[in-house]
Amino acid sequence: KLMGRVFNGLVNVILLPGIADTQCGFKLFTRPVARHLFSRQRSEGFSFDCEILFLARKSGCQIAEVPVNWTNIAGSKVDLVKDSFLMLVDLIRFRFR
């Protein structure tokens, strides 16, 4: 949880101020917007959500956060050290691309 909060803080400072949870897996797009955004997306790592939201914001798309009920399930595939570093590098790369 702590790493998630730290990452979200970095996302808000570096890339997407004002978005509470960029890593939530629930995202909804219209077909034209999805085609536009995903054709421009380059990331293949865990930070792809941030890139998609950043591209959406840069493209002038409306972004709304809607609360969902979430249950955490053990067994994450995220390597806290390696993947956290790679995600930070991605954020900086997205910002300056």
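Read on for an overview of the structure. Values in this document were obtained by computation on a predicted structure and should not be read as measured data.

Analysis parameters
- Residues numbered from 1 in each chain as written.
- Predicted model: local features only at pLDDT ≥ 70, side-chain atom pairs only at ≥ 80, totals over all residues.
- Heavy atoms only, no water.
- Patch = residues over 30% accessible without salt bridge, like charges linked within 9 Å, V, L, I, M, F, W, Y side chains within 5 Å.
- Areas by Shrake-Rupley, 256 points an atom, 1.4 Å probe, with all protein chains shown as cover.
- Salt bridge = Lys/Arg side-chain N within 4 Å of Asp/Glu carboxyl O.
- Helix = DSSP H or I, 4+ residues; strand = E, 2+ residues; numbered from the N terminus.
- Axes fitted to C-alpha atoms, helices over the stretch in contact; angles between N-to-C directions.
- Parallel < 35°, antiparallel > 145°, perpendicular 65-115°, else oblique.
- Left-handed = near helix turned anticlockwise from the far one by under 90°.
- Contact = heavy atoms within 4.5 Å.
- Nonpolar A, V, L, I, M, F, W, Y, C, P; charged D, E, K, R; others polar.
- Phe/Tyr/Trp six-rings, centres within 6.5 Å; stacked < 30°, edge-to-face > 60°.
- Buried < 20%, exposed > 50% of the residue type's maximum accessible area, 1.4 Å probe, protein only.

1. Focus on a nonpolar patch on the surface
Taken together, the side chains of M3, F46, V78, L80 and V81 make up a nonpolar region of the molecular surface, amounting to roughly 450 Å² of accessible area. Along the chain, M3 falls in helix α1 (residues 2–14).

2. Things to note about the packing of helix α3 (residues 48–58) against helix α4 (residues 80–96)
The interhelical angle for the contact between α3 and α4, taken along N-to-C directions, is 20°, at an axis separation of 10 Å. By the angle between their axes, α3 is roughly parallel relative to α4. Taken as a pair, α3 and α4 cross one another with a handedness that is right-handed. Every residue of α4 that contacts α3 at C50, E51 and F54 is listed here: L91, F94 and R95. Residues belonging to the contact of α3 with α4 are distributed by class as follows: four nonpolar, no polar and two charged.

3. What to know about the packing of aromatic side chains
In total, this model carries one aromatic pair according to the counting rule given. Here F29 and F38 contribute two aromatic rings whose centre-to-centre distance is 5.5 Å and whose plane-to-plane angle is 85°, an arrangement assigned as edge-to-face. Using a relative accessible area of 27% as the deciding quantity, one classes F29 as partly exposed. F38 gets classed as partly exposed once you look at its relative accessible area, which sits at 37%.

4. A word on the packing of helix α2 (residues 31–40) against α3
Running from amino to carboxyl end, α2 crosses α3 at an angle of 120°, the nearest separation of the two axes being 9 Å. The angle between the axes of α2 and α3 places the two elements in the oblique class. Between α2 and α3 lies a crossing of right-handed hand. The segment α2 lies against α3, with L37, F38 and R40 engaging E51, I52, L55 and A56. Partitioned by chemical class, the residues of the contact of α2 with α3 number five nonpolar, no polar and two charged.

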